[in-house]
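Each chain is listed here by its residues.
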Amino acid sequence: MRHNGSYLALGFSTFAMMASFIIWSVFSPIAGQIQEQFQLSTIQKSLLIAAPVLLGSILRIPMGIYTDRFGGKRVFTITMLFLALPLGAAGWVQSYGWLLLCAVFIGMAGTTFAISLTYVSRWFPPERQGLVLGLAGLGNLGGAVASYTLPIVFNRFGLPWVFWSLAIMIIAVAVVFLLGAKDLPAPAQPKTLKQSMVVLKEQSTWYLSIFYFLTFGGFVAFGAYLPTFLKELFALSATDAGLKTAGFVVIATLIRPLGGYMADRAGSRKVLVFVFTGLIATSLTMAASLHQFAAFSAGCLAAAALLGIGNGAVFKMVPEVSTGNTGAVTGIVGAAGGVGGFFPPIVLGLIKDWTGTYTLGFILLMVFAFVCLWMNLATKRLALHKQSTAA
């Protein structure tokens, strides 16, 4: 049964997540300018890009659980207001060390993913979760907005106002969300932390986490590092690289609801076979075309579509395995996806410093996609065997 206000909850949550994801993506579009301003090495720049991803990923686990216990309206509002603090501080810092510390706390913006999906999932029945959670995931468009707008703000007003303008924006969004959003009644007996974390014993939680490590982690990593690729490999300007990265993010985000819808109709596992097989092919294409703009761009666009479909398909499976612990499973799987976006920028920086090229990074992506394909097929056979045994 659909509750009154369900679409309003979906709209407010997606809007708030989009605003938060602009903040979560603040460093990657202007990383090149920051590198020049602070005289950073490639590894230092990669750490700055990756730092918000780490905290924003790990803390998705408790934030998803808190949303189950205290309601999305309260947790979402407090999180957005908190973000104004590190953003305000970042505008005043004069050293790389302090900027990196601010970046870590700015990573709280990434936790809104778990808050948003946990909040929205309570408003809709299980048979519609694939499409609805895909629509909620449109908040990822904040990354595209960041890629397009933040280089412009930097060039016109300077680095401090990049952070200060975002602080003003998120306070305004938090006020709108507080006044407009509603919560469903909390469970009569909310689960304790120990009861929520029992999902760690479930095999499904772990393989979903690995799948999302690839699909969402790949989305985050491309969104964070694609401006660097385009500037270094093809000598694009920061604004042009940001615009093209925004295109990648838009494609991967807009197609996510389609992935959820396809999973609703055909089943998540069939969709993921297509996704993982396609990623193997696109990884090889990109590895072989690092100096051919047209072929590399085609590979990136194909990867964007596949990763977006994969994100929708994976999260269709979350309510099916959560059995009342949607917040915990959402947090754990979401954390895995975020961590999947943390390591690639650092690994790519190391690979480039050691080998002088990014080729090995795309080979590793291909290998991991193959592992996920094998796991998907193997766990499907195991699930079918259990069903036949139980029958």
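Fair warning: this is a prediction, and the values are worked out from it, not measured in the lab.

1. Points about the environment of Ile-152
With respect to the secondary-structure elements, Ile-152 resides in helix α9 (residues 141-157). When its relative accessible area of 28% is taken as the criterion, Ile-152 is described as partly exposed. Residues Ile-152 and Ala-238, spaced 86 residues apart in sequence, show a C-alpha to C-alpha distance of 9.4 Å.

2. Here's the deal with the pattern of salt bridges
What the rule picks out here adds up to 3 salt bridges. Put simply, Glu-232 and Lys-352 hold a salt bridge, and the shortest N to O gap is 3.2 Å. You can see Glu-232 sitting in helix α12 (residues 203-234) and its partner Lys-352 sitting in helix α18 (residues 326-355), a full 120 residues away along the chain. Residue Glu-232 is classed as partly exposed on the basis of its relative accessible area of 38%. Classification of Lys-352 by relative accessible area gives partly exposed; the value is 25%. The salt bridge involving Lys-244 is made with Asp-240; its shortest N-O contact spans 3.0 Å. Residue Lys-244 and its partner Asp-240 are located together in helix α13 (residues 238-254), separated by 4 residues, close to a single helical turn.

3. A closer look at the packing of aromatic side chains
Following the criterion strictly, the structure yields 23 aromatic pairs and no others. With a centroid separation of 5.0 Å and 50° between ring planes, the pair formed by Trp-92 and Trp-164 is classed as tilted. One end of the pair, Trp-92, is in the loop between α5 (72-90) and α6 (96-106); the other, Trp-164, is in helix α10 (residues 159-180), with 72 residues separating them in the sequence. Their ring planes at 45° and their centres at 5.7 Å tell us that Phe-234 and Phe-296 sit as a pair that is tilted. Here the residue Phe-234 occupies a position in helix α12, and Phe-296 occupies one in helix α16 (residues 293-316), the gap between them amounting to 62 residues. Phe-296 shares its class with Phe-234; the two are buried. Here the aromatic cluster, defined as three or more aromatic residues joined through ring pairs, consists of Phe-222, Phe-229, Phe-234, Phe-248, Phe-293, Phe-296, Tyr-358 and Phe-362.

Cut-offs applied
- Every chain begins its residue count from 1, and numbering advances along the sequence as written.
- Only residues with pLDDT of at least 70 are given local features in this predicted model, and only at 80 or more are side-chain atom pairs given and counted; all residues enter the totals for whole chains, interfaces and linings.
- Heavy atoms throughout the structure, all of them, feed into the side-chain values; hydrogens and water do not.
- Labels follow the DSSP assignment, with helices taken as runs of H or I lasting at least four residues and strands as runs of E lasting at least two, numbered in each case from the N terminus.
- Under the scheme applied here, a residue whose accessible area is under 20% of the maximum for its type counts as buried, over 50% as exposed, and between as partly exposed, the area being computed with a 1.4 Å probe on protein chains only.
- Just to be clear on terms, a salt bridge is a Lys or Arg side-chain nitrogen sitting within 4 Å of an Asp or Glu carboxyl oxygen.
- Aromatic rings from Phe, Tyr and Trp, with only the six-membered ring used for Trp, were paired whenever their centres fell within 6.5 Å, and each pair was classed as stacked if the ring planes differed by under 30 degrees, edge-to-face if by over 60, and tilted otherwise.

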